[in-house]
Amino acid sequence: PGVEPMAKKKQKKNDPKQLPLLMEVLYDQRFLESHVGPQILHDPKTAIVELIANAWDAGATKVGITWPDGKGTRKFAIEDNGSGMTAEEFKHRWRMLSYNRQHEQGPKAEWPDDVADKQRERLAFGRNGIGRWSGFCFGETYVVDTCKKGLRNRYSVARGMDKPFEITQKVVNA
């Protein structure tokens, strides 16, 4: 019983019999809920607090919330004037399931370049990267529209069928 380490054999270059077998990880549809907790995905109050905390961590000084009108013409949206993310930052942070915000970005908020008073110490709320999934509380898909260093990027984040989420980058004309 158990797993025994395989003895290392001298491999021949490009021998298909000796290439490692790559297996894709499979996810149950309940994975995301068990990973982030039901409040993030199903309680609008918790979800909104998480989204505002993300704006705080990005050094935002203004946060605007658009409420749905009930007719389907206006959807829930939250926007802020925080530091935004580059395409590389977004891809790294969103693809990592248990993103460690404290380790990756430090314990303090990241201020946008145009904020004059950066001397204030603002501790970040984010710790383990679960607040970003709060958008799923309001639908099966949400859009992240972000701008940093003059470059705007837009992504569609959708619940996946065989994986927790799928990300599609949308073309944006700045």
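Our subject is the structure listed above.
All figures in this text were calculated on a predicted structure; none of them were measured in a lab.

Caption draft 1: Just the side chain of Asp 57, in detail. In this fold, Asp 57 is placed in helix H3 (residues 44-57). Sequence-distant contacts of Asp 57, that is, excluding residues within four places in its chain, are made with Arg 101, Ala 109, Glu 110, Ala 124, Phe 125 and Gly 126.

Caption draft 2: Representation of the environment of Phe 138 in the model. Relative to the helices and strands, Phe 138 is located in the loop between helix H5 (101-105) and strand S3 (141-148). Along the chain, Phe 138 and His 42 lie 96 residues apart, while their C-alpha atoms are 8.2 Å from each other. Not counting the four nearest positions on each side in its chain, Phe 138 is found in contact with Pro 44, Ala 47, Ile 48, Leu 51 and Phe 76.

Caption draft 3: Examining helix H4 (residues 87-95) more closely. Within the sequence span of H4, burial applies to Ala 87, Phe 90, Arg 93 and Trp 94. Take H4 and look down its axis: the buried residues cluster within an arc of 140°, on one side only. H4 presents Glu 88 and Arg 95 as exposed residues on the side facing more than 90 degrees away from its buried surface. Check the buried side of H4 and you find it contacts H5, S3, strand S4 (151-159) and strand S5 (165-170).

Caption draft 4: Expanded view of the pattern of salt bridges. Enumeration according to the criterion identifies 8 salt bridges in this entry. The partner of Arg 30 in a salt bridge is Asp 28, and the shortest N-O contact between them spans 2.7 Å. The class of Asp 28 is partly exposed, set by a relative accessible area of 43%. Salt-bridge contacts for Glu 89 lead to Lys 148; the nearest nitrogen and oxygen are separated by 3.1 Å. Note that Glu 89 is positioned in helix H4 and Lys 148 in strand S3, a separation of 59 residues in sequence. Note on Lys 148: relative accessible area 13%, which makes it buried.

Caption draft 5: Seen up close, H3. When the terminal C-alpha atoms of H3 are compared, their 20 Å separation across 14 residues agrees well with the 20 Å that a helix rising 1.5 Å per residue should span. Residues of H3 that are buried include every one of Ala 47, Ile 48, Leu 51, Ala 53, Ala 55 and Asp 57, and no others. Remark: Gly 59 follows H3 within two positions and exhibits a positive phi of approximately 75°.

Caption draft 6: Looking closely at unusual backbone geometry. Look at Lys 149: it is not a glycine, yet its phi comes out positive at around 55°. Relative accessible area serves as the criterion here: at 68%, Lys 149 is assigned to the exposed category.

Caption draft 7: Just the pairing of S4, in detail. Summarising the sheet, S3 and S4 pair through 8 bridges and their orientation is antiparallel. If you follow Thr 141 over to S4, its bridge partner there is Ala 158. Once S3 ends, the chain turns through 2 residues before running back antiparallel as S4, passing Lys 149 with a positive phi of about 55°. For S4 and S5, the ladder comprises 6 bridges, and the chain directions are antiparallel. Directly across from Arg 159, in S5, lies its bridge partner Phe 165. In this structure, the hairpin formed by S4 and S5 is closed by a connection of 5 residues.

Thresholds, definitions, all that
- Residues numbered from 1 in each chain as written.
- Predicted model: local features only at pLDDT ≥ 70, side-chain atom pairs only at ≥ 80, totals over all residues.
- Heavy atoms only, no water.
- Helix = DSSP H or I, 4+ residues; strand = E, 2+ residues; numbered from the N terminus.
- Contact = heavy atoms within 4.5 Å.
- Buried < 20%, exposed > 50% of the residue type's maximum accessible area, 1.4 Å probe, protein only.
- Arc of directions from axis to C-beta.
- Salt bridge = Lys/Arg side-chain N within 4 Å of Asp/Glu carboxyl O.
- Expected span 1.5 Å × (residues − 1).
- Pairing = 2+ DSSP bridges.

Function cannot be read off these values alone, since they describe shape.
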